[in-house]
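Chain by chain, the residues:
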Amino acid sequence: MNRINQKIEENKKLLSIYFTAGYPNINDTVSVIKDLEKSGVDMIEIGLPFSDPLADGPTIQASSTRALHNGMTSDLLFNQLKGIRKTVAIPLIIMGYFNPMLQYGLEAFCKKCQEVGIDGLIIPDLPVDVYNESYRNIFQKYGLRNVLLITPQTSEERIRFIDSVSDGFIYMVSSASVTGGSSGFGAAQTDYFKRIADMKLKNPQIIGFGISDNETFTQATTYAKGAIIGSAFIKHLTQQGINTINNFTQNILKP
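Residues numbered from 1 in each chain as written. Predicted model: local features only at pLDDT ≥ 70, side-chain atom pairs only at ≥ 80, totals over all residues. Heavy atoms only, no water.

*Asks:* Could you give me a rundown of the overall build of the protein, with the residues and numbers involved?
*Replies:* From N to C terminus, the protein includes twelve helices and nine strands. The C-alpha radius of gyration computed for the protein amounts to 17 Å, which stays within 12% of the reference 18 Å derived for 255 residues, consistent with globular compactness. Counting only C-alpha atoms and orienting by the principal axes, one finds that the protein spans roughly 45 × 40 × 35 Å. Residues counted as buried form 55% of the 255 residues belonging to the protein. Considering only contacts in the protein between residues 6 or more positions apart, those separated by 24 or more positions represent 74%. Summed over its atoms, the accessible surface of the protein is roughly 10900 Å², and 47% of this surface lies on carbon and sulfur atoms. (Helix = DSSP H or I, 4+ residues; strand = E, 2+ residues; numbered from the N terminus. Rg over C-alpha atoms; globule rule 2.2 N^0.38 Å. Buried < 20%, exposed > 50% of the residue type's maximum accessible area, 1.4 Å probe, protein only. Contact = heavy atoms within 4.5 Å. Areas by Shrake-Rupley, 256 points an atom, 1.4 Å probe, with all protein chains shown as cover.)

Set out below in structure tokens:
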């Protein structure tokens, strides 16, 4: 069974952390992954930096720019991840944009993901229709879950279609904004969380965007299987460095 599906079956709320590969420094990728797992994180999203990241706010954009300047590429990331499964057991997902994957060759990219032990991909600019018609068979061939996104503006019909072609979890964007764009959840977002929960989809939802601390993690996981933190973690890495990862995670997970 795919590690994502195994993790989802656990009777707990899940914390997924996003960070940018090659940030703060080019060779930090593997140590960040190992420290996140040791600190109690359930899943990790490894950001593949791209020069035109449409869903990312200023914090993640800045980290991507730095990582690109550091020399991060798809090939370098795959080389860094060789052997990662000797020490890391939790699900690893690459989050990136379709252009670099298409340039690499999507099947070649997916094959490399399988070889190093990646469990899924999140590609915000790959429409579900295109994925379903042209690429779903490739993902399945290499045992990868494609994690699709929904927003408060996504129609019920489209949400149910996304649910029907998904086999892992649905990335539930908390608001119509970029990452790191809000603090706390208002009534409109809470109503949205409830509305999606009431749809009884076959795939669980994990909420991302706007989650930065224990309060917002708790709010999100009241209605969903888990929550994703990205910008707040990148800020922590920027300000505190990579040796204090456990402090960040424990502040999120405190009872």
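*Asks:* Summarise the side chain of serine 74; cite the residues concerned and give the values.
*Replies:* Mapped onto the secondary structure, serine 74 falls in helix α4 (residues 74-81). Accessibility expressed as a relative area gives 12% for serine 74, which makes it buried. Excluding residues that lie within four positions of it along the chain, serine 74 makes contacts with Leu48, Tyr104 and Phe109.

*Asks:* Describe the sheet that holds strand β1 (residues 14-20), naming the residues involved and giving the relevant values.
*Replies:* Spatially, β5-β4-β3-β2-β1-β9-β8-β7-β6 is the arrangement adopted by the nine strands of the open sheet, whose pairing is parallel. Whereas interior strands pair on both sides, the edge strands pair on one side only; in this sheet they are β5 (145-147) and β6 (149-150). Summarising the sheet, strand β2 (residues 43-47) and strand β3 (residues 92-95) pair through four bridges and their orientation is parallel. Following the sheet pairing, isoleucine 46 is matched in β3 by isoleucine 94. Each of β1 and β9 (226-229) is contacted by helix α11 (residues 231-240), which is oriented at about 55° to β1, the strand it contacts most. (Pairing = 2+ DSSP bridges. Axes fitted to C-alpha atoms, helices over the stretch in contact; angles between N-to-C directions.)

*Asks:* Please provide a residue-by-residue account of unusual backbone geometry, values included.
*Replies:* In this structure, the amide linkage connecting tyrosine 23 to the following residue, proline 24, adopts the cis form with an omega of 0°. Here proline 24 is to be found in the loop between β1 and α2 (29-38). At lysine 200, a position not held by glycine, the phi torsion is positive, near 55°. Within the secondary structure, lysine 200 sits in the loop between α9 (187-198) and β8 (205-208). We classify lysine 200 as exposed; its relative accessible area is 69%. The backbone phi angle of phenylalanine 209 is positive, close to 80°, even though this residue is not glycine. Tracing the backbone shows phenylalanine 209 in the loop between β8 and α10 (214-223).

*Asks:* So, the pattern of salt bridges: which residues are in play, and what are the values?
*Replies:* Enumeration according to the criterion identifies ten salt bridges in this entry. Overlapping salt bridges bring together Lys7, Glu10, Lys12 and Asp42 as one network. (Salt bridge = Lys/Arg side-chain N within 4 Å of Asp/Glu carboxyl O.)

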